[in-house]
Amino acid sequence: MAGMDWKRAVWMASFIALALAHEHHDEVTEEEASAPIDAILWIHMALQAAVWGILFPVGMVLGLARSKWHVPLQATGFLLTFGGYILGHSHKGRQFPHGAHGAFASILFVPILTQLVVGIYLKLHIHEKSIRPFFVKIHSLVGKSYPILAWIQMLFGAVALRGYCRGGHLGQCLAHYIMGSGFIAYAIIMAIIFLVGETWVRRSGRSPEFWDSCVITAWGVVNTFTEHRGSTWSVKDMQHTILGVLWWTGGILGIFLSRNNQRSIVPSVIIILTGWAMSSHAQALEISTMVHAMFGKTLMLAGLARLLEVVYFYPKYTPLAQSPPVEAAVESDDNASDHTLAEAMGPTKNTKSTQGPGSTAFRHLPPFLLVASGLLFMSATDEELRYIHGKGMDHVTYILIMFSMAFLIYAFIVSLISLYSTSGRNAASSTASPADVAEYEMTASGSRTPKWYARVPNAEDGSAAALRGSQNEPLHVVGEDEDDDMDETVATRR
């Protein structure tokens, strides 16, 4: 057995040495750069895209949900990553100069090995009260960075495959890829808050627009001082710089108006103005002009959809306060309780819920349009569009390809969020129907009473006898987990 292990170790070391011997040169010949892509490189791209684009994000979500499948999935991902790395250094055919993709692949071994070592340590369950809590935080932080690292490396891979972003094109690539990725990240955060993060928003006491405005302000300051280079101001320099000014000035107003948990339309207006400005950029090619115009219109529509969502569909997030005294919980009207999932809305019979099925469907529109906007902007660099133009593809086909990709990406985003809600420690709470999960106050069939809970009768309703009529049924108020203790206390007092 020992001999077999020794031979296996030598074989692996030789294979790794052979892979590492494959070098990327600073310059390659035109023949090497235009050679066909061999099967090994295709397998490398497909494998790494599947591992980093699908397997690791799913594993991260399962880890957040404390699922038993987290460790097996991530362990499989680690093994496949090492295999993909070897394949990436073993291919023949087309050769590539040294670039960001190869350099970042080596850097990725730091978080990979960190996760592997820390994960094994945590499984030992030692040093429970000393250093283990620190390593738990490290493991969580590094794991949550995986989707970001994966996105960056896949972008670097696409750039390396086509040979883009070299020489004078680097600045445009950075602008398009960073801002486009920012729109997609914004969409992901918006979808998370919409689907599973409303409790956190209410607990924080800050509306989503407050955080939006803070990020917009910071980004605007950076953009104001980084878009102009040299002594001559071009039209695009002036446009990009004034966009930065627009963002930080509007962001300051948004922060002020969003204070005290107030929702604000300022971020939506900033998105609309940004889309209008981007749609008016003059371009060298007709296809470039059309793609930029569609990007701007899509971004404007995303801002308009967010504005309607703020004003009409979900005007307020009620903060979650501390538990009131037991006497107050029994004697006060349930509609005034800070622990119900929806805001206080007065008598049920005279009030129509602001969260009907239509509002839930509509709230998917802003994040989806932001994903589509991000992809359109990332695909609108001069090099990409010249390549598409040379292939004889028109702007309609190209734009529809980007929207098709947006559908797939947004479907994956909401699938991951749904997986978090229905796996691991959250599996027990996922037995309700999808409508119950999505709607905080859907009404039961044939009734105007909220489906998740009914008002607690009290003396003011003339129903005090009903409150005390049954000694065997405890008082239930749906809200935070801490309410369970209050419910037990109420039942005991009765």
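Check the entry above for the structure.
This structure is a prediction, so every number in the text was calculated from the model and none was measured. (Residues numbered from 1 in each chain as written. Predicted model: local features only at pLDDT ≥ 70, side-chain atom pairs only at ≥ 80, totals over all residues. Heavy atoms only, no water.)

A. Representation of the overall build of the chain. Per the secondary structure count, the chain includes 21 helices and zero strands. With 494 residues in all, the chain has 40% of them scored as buried. Taking as baseline every contact in the chain between residues at least 6 positions apart, the subset at least 24 positions apart corresponds to 76%. Accessible surface, the chain: about 27000 Å² in total, of which carbon and sulfur atoms supply 67%. (Helix = DSSP H or I, 4+ residues; strand = E, 2+ residues; numbered from the N terminus. Buried < 20%, exposed > 50% of the residue type's maximum accessible area, 1.4 Å probe, protein only. Contact = heavy atoms within 4.5 Å. Areas by Shrake-Rupley, 256 points an atom, 1.4 Å probe, with all protein chains shown as cover.)

B. Representation of the packing of aromatic side chains within the structure. Here the structure, examined in full by the defined rule, presents 15 aromatic pairs. Residues Phe-82 and Phe-109 carry aromatic rings whose centres are separated by 5.6 Å and whose planes lie at 20° to one another, so their mutual orientation is stacked. In this pair, Phe-82 is assigned in helix α4 (residues 70-88) and Phe-109 in helix α6 (residues 109-124), connecting sequence segments 27 residues apart. Three or more aromatic residues joined by ring pairs make a cluster, and in this case those are Trp-52, Phe-56, Phe-78 and Tyr-146. Of note, Arg-162 hangs over the ring of Tyr-387, and the distance from its end group to the ring centre comes to 3.9 Å. Seen from the ring of Phe-210, Arg-206 lies directly overhead, with NZ or CZ sitting 4.4 Å from the centre. (Phe/Tyr/Trp six-rings, centres within 6.5 Å; stacked < 30°, edge-to-face > 60°. Lys NZ or Arg CZ within 6 Å of the ring centre and 35° of its normal.)

C. Region of interest: the environment of Phe-135. As for its position among the elements, Phe-135 is in helix α7 (residues 132-162). Given the relative accessible area of 26%, Phe-135 is considered partly exposed. The spatial distance from the C-alpha of Phe-135 to the C-alpha of Leu-122 is 7.6 Å, given a sequence separation of 13 residues. Phe-135 has contacts with Val-118, Tyr-121 and Leu-122, leaving out every residue within four places of it along the chain.

D. Molecular detail of the nonpolar core. Ranked by size, the top nonpolar core spans 45 residues in total, and within it Val-291, Phe-295, Leu-370 and Val-371 carry the most contacts. Broken down by secondary-structure element, the contributors of at least two residues to this core are α8 (170-195), α11 (235-257), α12 (266-279), α13 (286-313), α16 (365-378), α17 (382-390) and α18 (395-422). Once residues within four sequence positions are removed from consideration, Leu-370 is found in contact with Phe-183, Ile-184, Tyr-186, Ala-187, Met-190, Leu-299 and Ala-302. In terms of nonpolar packing, the next biggest core, distinct from the first, is built from eleven residues, Phe-56, Leu-108, Ile-112 and Val-142 among them. (Core = buried A, V, L, I, M, F, W, Y, C linked by side-chain atoms within 4.5 Å.)

E. Broad picture of α16. Under the 1.5 Å per step criterion, the end-to-end length of α16 is 20 Å for 14 residues, consistent within 8% with the ideal 20 Å. Along α16, 13 of the 14 residues are buried, which leaves the element largely enclosed by surrounding structure. (Expected span 1.5 Å × (residues − 1).)

F. Up close: the environment of Ile-216. Within the element layout of this structure, Ile-216 appears in helix α10 (residues 208-224). According to the relative accessible area criterion, Ile-216 is buried, its value standing at 16%. Linking Ile-216 and Thr-249, residues 33 residues apart in sequence, is a C-alpha distance of 9.3 Å. Other than its neighbours up to four places away in sequence, Ile-216 contacts Trp-247, Trp-248, Gly-251, Pro-267 and Ile-270.

G. Fine view of unusual backbone geometry. We note that Arg-66 has phi near 60°; this positive angle belongs to a residue other than glycine. Tracing the backbone shows Arg-66 in the loop between α3 (39-64) and α4. Phi angles above zero are rare outside glycine, and Cys-165 is one such case at about 65°. Mapped onto the elements of the fold, Cys-165 is located in the loop between α7 and α8.

H. A nonpolar patch on the surface, seen in detail. Together, Ile-265, Val-269, Leu-273, Val-311 and Tyr-312 give the surface a local cluster of nonpolar side chains, amounting to about 430 Å² of exposed area. Of all the elements in the fold, those that place two or more residues in the nonpolar patch are α12 and α13. Tracing the chain through its elements places Val-311 in helix α13. You can call Val-311 partly exposed: its relative accessible area is 36%. (Patch = residues over 30% accessible without salt bridge, like charges linked within 9 Å, V, L, I, M, F, W, Y side chains within 5 Å. Salt bridge = Lys/Arg side-chain N within 4 Å of Asp/Glu carboxyl O.)

I. The arrangement of the packing of helix α5 (residues 100-107) against α7 in detail. Between α5 and α7, whose axes approach to 8 Å, the crossing angle comes to 150°. On the basis of their axis angle, the class for α5 and α7 is roughly antiparallel. Here the hand of the crossing between α5 and α7 comes out left-handed. Mapping the contact onto sequence places Ala-100, His-101, Phe-104 and Ala-105 in α5 and Leu-149, Ile-152, Gln-153, Phe-156, Gly-157 and Ala-160 in α7. Residues that form the contact of α5 with α7 fall into these classes: seven nonpolar, three polar and no charged. (Axes fitted to C-alpha atoms, helices over the stretch in contact; angles between N-to-C directions. Parallel < 35°, antiparallel > 145°, perpendicular 65-115°, else oblique. Left-handed = near helix turned anticlockwise from the far one by under 90°. Nonpolar A, V, L, I, M, F, W, Y, C, P; charged D, E, K, R; others polar.)

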